[in-house]
Amino acid sequence: MYDMIKQHRHVIRSIMSAKAVSCTIKSPVALQIGDAVSDSSRPGVYITDINLAEPVNIQEISFKNYYAAYLTVRLQRREDGSAKWVTCLRNYCLMSNPHAEAGSHDYFSIYRQQDSERDVPVWLSTLTPVDEPLDLNGLPDPETVSSSIQQMWALTEIMQASQTAASIGRFDVEGSYDVKLLSYT
Amino acid sequence: MAEKRRAGVVIMSDSKSAAADGDQEFLSQAGVSALLRGALLKLLESRPEDPVGFLAEHFGHLSSEADDGGAEHQSVSRALWHLSLAHHSQRSAFNNNVRVAYELLTQGVPCRVSGGGGVRGRLYSEMLRCLCSEGGLSGSTAAPLLRRIQSHDYEAVPFELFRQGVLTCAVFADYIRKSQCLYAAVASAPDRPAERTLCQAVLSTLREALETADGTDVARYLEASAKISPAKVAQAMAEVHPRAQLQDGPTMDAQEFEDAAAALFIARVRIVT
């Protein structure tokens, strides 16, 4: 595992000229659980930090694998003075079976399209409930209110889904004239 | 036995044959036998689960036709009766009933070569009006909806539009009933009006969910339902109603709430042009 850094050849290409960009690759750091460092524990997750000399638009990341089964790539984006970490690849499978040999020494290239250029939708990121319990003193029961609103929303959806492009036949009425006959008058 | 039965008649006349003629004459004059025959034929045709009820309905319709003289009124009430048999959520049964109602209302309209018939506009509008009132909607609540979907008297309404209009009215009736439940949930007590800020927070939660427009159906449903989850609703309510304020603020009465909720629905009803 500790030989990994020597085996890997990281190549990062920038979008502008499709040439390699120089970067500093730090030694992989193992994730530890708890405080004590135990010699016998072999953690399954390593983090490799890669620093770029200057911000670039990354087009492609190429590397040679050495027995890594899954890869997660996070990028730090600099936008208008603020720095934001985004996950562009999560648990990308490099080895179909972590206990077998397939993919263990393969070369991989990750391209820009593979990353989710859009951030996670706002509503999805706010799904997890707030930590502090809300003070519902005197407020209506949210379950009941939510249930009623959901049903009203669903009923509106049913109505909208049933709307067709059907239109009324204005001149198709019994006892009245046919449109085509108008031209003869 | 025969003598006993005729005892009353004997007073009036001497001969048995005269009494018999009187009975038969009465029956044939009133057309009762034809009436009964027609009723029995209809009964055999439809084979309802409740024969007595069916016969009662049948004779009821006949008598109202005799009173009003208008076959139209009879067909509208018959159509309404069919539509009342299944809730709109029972999709296939409801659609079948809509088809039956449509056929009832298009009887007598000659099929034109150019485009096929349809329900006369006046009948269609009357149907929708009756549907709304049978669904418990007041005239003022239903009026803005009807303005959008009813047709002119002289127009012919094809089946798809007919079905759409009927479904919209049925769904709207449910929607208003739900909004009344919602108001009751928001109001702190049955006899006191609900707080205005709470009402507005709840209504805007619904409005935001309705305005979720982007993406595929599945994405829309997920996003909308996330907006109206109990946690989100609790958050919205807590934001406008901090603990310090008790029930001192302005209130919103039930009718105003219902009108605001109705407006959200009606705004999304396509205007029939």
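Residues numbered from 1 in each chain as written. Chains lettered and ligands numbered in written order. Predicted model: local features only at pLDDT ≥ 70, side-chain atom pairs only at ≥ 80, totals over all residues. Heavy atoms only, no water.

Thoughts on the pairing of strand E8 (residues 70-79) of chain A
Here is the key point about a regular strand: its side chains alternate between the two faces of the sheet. Residue and element names in this part refer to chain A. The condition is simple: Think of it this way: DSSP has to see at least two bridges between two strands before they count as a pair. Helix and strand definitions here come from DSSP, where helices need a minimum of 4 consecutive H or I residues and strands a minimum of 2 consecutive E residues; each element is numbered from the N-terminal end.
In terms of strand pairing, E8 meets strand E9 (residues 82-93) through nine bridges, oriented antiparallel. Bridging from a neighbouring strand, Arg-78 pairs with Ala-83 of E9. The hairpin turn running from E8 into E9, its antiparallel successor, is two residues long, and Asp-80 in that turn takes a positive phi close to 50°.

Side note on the pattern of salt bridges
To be explicit about the condition: Each salt bridge in this description consists of a side-chain nitrogen of Lys or Arg and a carboxyl oxygen of Asp or Glu lying within 4 Å of one another.
Under the defined criterion, the tally for this structure stands at seven salt bridges over all chains. Residue Arg-177 of chain B pairs with Asp-174 of chain B through a salt bridge whose shortest N-O separation is 2.6 Å. Remark: Asp-174 of chain B and Arg-177 of chain B occur in helix H9 (residues 159-186); sequence separation between them is three residues, near one turn of the helix. In this structure, the salt-bridge partner of Arg-196 of chain B is Glu-256 of chain B, at a minimum N-O distance of 2.9 Å. Remark: Glu-256 of chain B occurs in helix H13 (residues 254-266) and Arg-196 of chain B occurs in helix H10 (residues 196-210); sequence separation between them is 60 residues. A single network of salt bridges, built from pairs that share partners, joins Glu-157 of chain A together with Asp-217 and Arg-220 of chain B.

Focus on the packing of helix H8 (residues 139-149) of chain B against H13 of chain B
Residue and element names in this part refer to chain B. The condition that has to hold: Axis lines are fitted to C-alpha atoms, over the contacting stretch for helices. Their N-to-C directions set the angle, which ranges from 0 to 180 degrees. Any angle from 65 to 115 degrees is called roughly perpendicular, while one under 35 is roughly parallel, one over 145 is roughly antiparallel, and all others are oblique. When the near helix sits turned anticlockwise from the far one by under a right angle, the crossing is termed left-handed; a clockwise turn instead gives a right-handed crossing. By the convention used here, residues are in contact when the closest approach between their heavy atoms is within 4.5 Å. In this classification, Asp, Glu, Lys and Arg are treated as charged, Ala, Val, Leu, Ile, Met, Phe, Trp, Tyr, Cys and Pro as nonpolar, and every other residue, Gly included, as polar.
It is at 10 Å that the axes of H8 and H13 come closest, and there the two elements cross at 15°. By the criterion of interaxial angle, the relationship of H8 to H13 is roughly parallel. Handedness of the crossing formed by H8 with H13: right-handed. Side by side, H8 and H13 meet where Thr-141, Pro-144, Leu-145 and Arg-148 of the first sit next to Gln-255, Glu-258, Phe-265 and Ile-266 of the second. For the contact of H8 with H13, a count of residues per class yields four nonpolar, two polar and two charged.

Observations concerning the environment of Glu-155 of chain B
Looking at the secondary structure, you find Glu-155 of chain B in the loop between H8 and strand E2 (156-157). Residues Glu-155 of chain B and Arg-122 of chain B, 33 residues apart in the sequence, show an inter-C-alpha distance of 7.9 Å.

Section: the side chain of His-88 of chain B
Going by this rule: Pairing of N or O atoms within 3.5 Å defines a polar contact, subject to two protein rules: one partner must be a possible hydrogen donor and the other a possible acceptor, and residues neighboring in sequence count only if both atoms are side-chain atoms.
Mapped onto the elements of the fold, His-88 of chain B is located in the loop between helix H5 (71-83) and helix H6 (91-106). At a separation of 2.7 Å, a polar atom in the side chain of His-88 of chain B contacts the side chain of Asp-174 of chain B. Contacts of His-88 of chain B, omitting those with residues within four sequence positions, involve Leu-155 of chain A together with Phe-94, Leu-167, Ala-170, Val-171 and Asp-174 of chain B.

Observations concerning the packing of H6 of chain B against H9 of chain B
Residue and element names in this part refer to chain B. Contact pair H6 / H9: the axes reach a minimum separation of 10 Å and the direction vectors enclose 120°. If you check the angle between H6 and H9, you find them oblique. In terms of crossing hand, the pair formed by H6 and H9 is right-handed. Residues Phe-94, Asn-95, Val-98, Arg-99, Ala-101, Tyr-102 and Leu-105 of H6 pack against Phe-159, Phe-162, Arg-163, Val-166, Leu-167 and Ala-170 of H9.

Points about the confidence of the model for chain A
All names here are of chain A. In plain terms, the rule: Values of pLDDT, the confidence the predictor places in each residue, fall between 0 and 100.
Within chain A, residue pLDDT values average 73, and 61% of them lie at 70 or more. No element of chain A has a lower mean pLDDT than helix H1 (residues 4-7), at 40, and none a higher one than helix H3 (residues 142-162), at 93. In the model, residues 1-9 has pLDDT below 50 throughout and makes 16 contacts with residues more than four positions away in sequence or in other chains. Per-residue pLDDT stays below 50 along residues 13-17; that stretch engages in 16 contacts with residues further than four places along the chain or on separate chains.

What to know about helix H12 (residues 230-240) of chain B
Going by this rule: Throughout this description, buried means an accessible area under 20% of the type-specific maximum (1.4 Å probe, protein chains only), exposed means over 50%, and partly exposed covers the range between. Think of the arc as the fan of directions from the helix axis to the C-beta atoms.
By the burial criterion, the buried members of H12 of chain B are Val-233, Ala-234, Ala-236 and Met-237 of chain B. One side of H12 of chain B carries all its buried residues, which in axial view fall inside an arc of 160°. Buried residues along H12 of chain B sit against H3 of chain A together with H10 of chain B.

As for the environment of His-73 of chain B
Its place among the elements puts His-73 of chain B in helix H5. Under the relative-accessibility criterion, His-73 of chain B is labelled partly exposed at 42%.

Concerning the pairing of strand E7 (residues 58-64) of chain A
All names here are of chain A. A large share of E7 lies buried, amounting to six of its seven residues. In this sheet, strand E10 (residues 107-111) lies alongside E7 in antiparallel orientation, the contact comprising five bridges. Across the sheet, the residue bridging to Lys-64 is Tyr-107, located in E10.

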